[in-house]
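# Summary of the model geometry
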Amino acid sequence: MDRKEFLSLMGASAATIMFAGCLAGCKKSSDSSSTDGPSNVDFTLDLSQSANAALNNNGGYVYHGGVIVARTSTGSFVAVSQTCTHESYNVVFQSANNRFYCANHGATFSTAGAVTNGPASKALKQYNTALTGTSLRVYS
Ligand code: FES
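Residues numbered from 1 in each chain as written. Predicted model: local features only at pLDDT ≥ 70, side-chain atom pairs only at ≥ 80, totals over all residues. Heavy atoms only, no water.

Within this structure, the stated rule accounts for one salt bridge. The residue R137 makes a salt bridge to D42 at a minimum N-O spacing of 3.0 Å. With R137 in strand 12 (residues 135–139) and D42 in strand 2 (residues 42–46), the pair connects residues that are 95 residues apart, well separated along the chain. The exposure class of R137 is partly exposed, given its relative accessible area of 36%. (Salt bridge = Lys/Arg side-chain N within 4 Å of Asp/Glu carboxyl O. Helix = DSSP H or I, 4+ residues; strand = E, 2+ residues; numbered from the N terminus. Buried < 20%, exposed > 50% of the residue type's maximum accessible area, 1.4 Å probe, protein only.)

The four strands lie next to each other as 6-7-8-9, forming an open sheet whose pairing is antiparallel. Edge positions in the sheet fall to strand 6 (92–94) and strand 9 (115–117), since each of these pairs with one other strand and no more. Two elements, strand 6 and strand 7 (residues 99–101), share three bridges in a ladder whose sense is antiparallel. In the sheet register, Q94 faces strand 7, and the bridge partner there is R99. (Pairing = 2+ DSSP bridges.)

What follows deals with the sheet that holds strand 2. Read across the open sheet, the six strands follow the order 2-12-11-5-4-3; overall the sheet is antiparallel. Sheet topology places strand 2 and strand 3 (61–64) at the edges, where each strand pairs with a single neighbour. Looking at each pair of strands side by side, their axes are set apart by 25° on average, direction ignored. As paired elements, strand 11 (residues 126–132) and strand 12 share five bridges and run antiparallel to each other. For A130, the partnering residue across the bridge sits in strand 12 and is R137. (Axes fitted to C-alpha atoms, helices over the stretch in contact; angles between N-to-C directions.)

Mapped onto the elements, A107 comes out in the loop between strand 7 and strand 8 (108–109). A relative accessible area of 1% means that A107 is categorised as buried. Here the alpha-carbon distance between A107 and S121, two residues 14 residues apart in the chain, equals 8.9 Å. Filtering out sequence-adjacent residues up to four positions away, A107 remains in contact with C84, F100, Y101, C102, N117, G118, P119 and A120. (Contact = heavy atoms within 4.5 Å.)

What follows covers the pairing of strand 11. Where strand 5 (residues 77–81) meets strand 11, two bridges bridge the pair, whose relative direction is antiparallel. In the sheet register, V80 faces strand 11, and the bridge partner there is Q126. Once strand 11 ends, the chain turns through two residues before running back antiparallel as strand 12, passing G133 with a positive phi of about 65°.

This is how it looks when you write it as structure tokens:
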């Protein structure tokens, strides 16, 4: 093998190694636009029941069926998956900051479930809410 052959071979090997490394390392590890949470959600909370009394106050929240339902500081209802997308810790609602918060590693999410601070990289799944009298329906 002469010098030219050797350099050509080494160049091809280096390119192969770099390409293989890129395949493994360049893959996007997260997709902040994707969401995570239970599918086919459809339940109704009776706000006259003591178990749901927290929702009668702005800033209150309850968990039901894998969903956290909260009443914002302005009195509207929001619902997202209760499980942090980072390592499956339950999030809480912080009305003063109008966000969902995971105390495990500090991730925060908007009231629509979007990640506003890591380490979580995937959004919480958002659900619809509809209030009729004292019945609050939460659904996909
Ligand atoms: S488990 Fe929620 S931030 Fe880590």
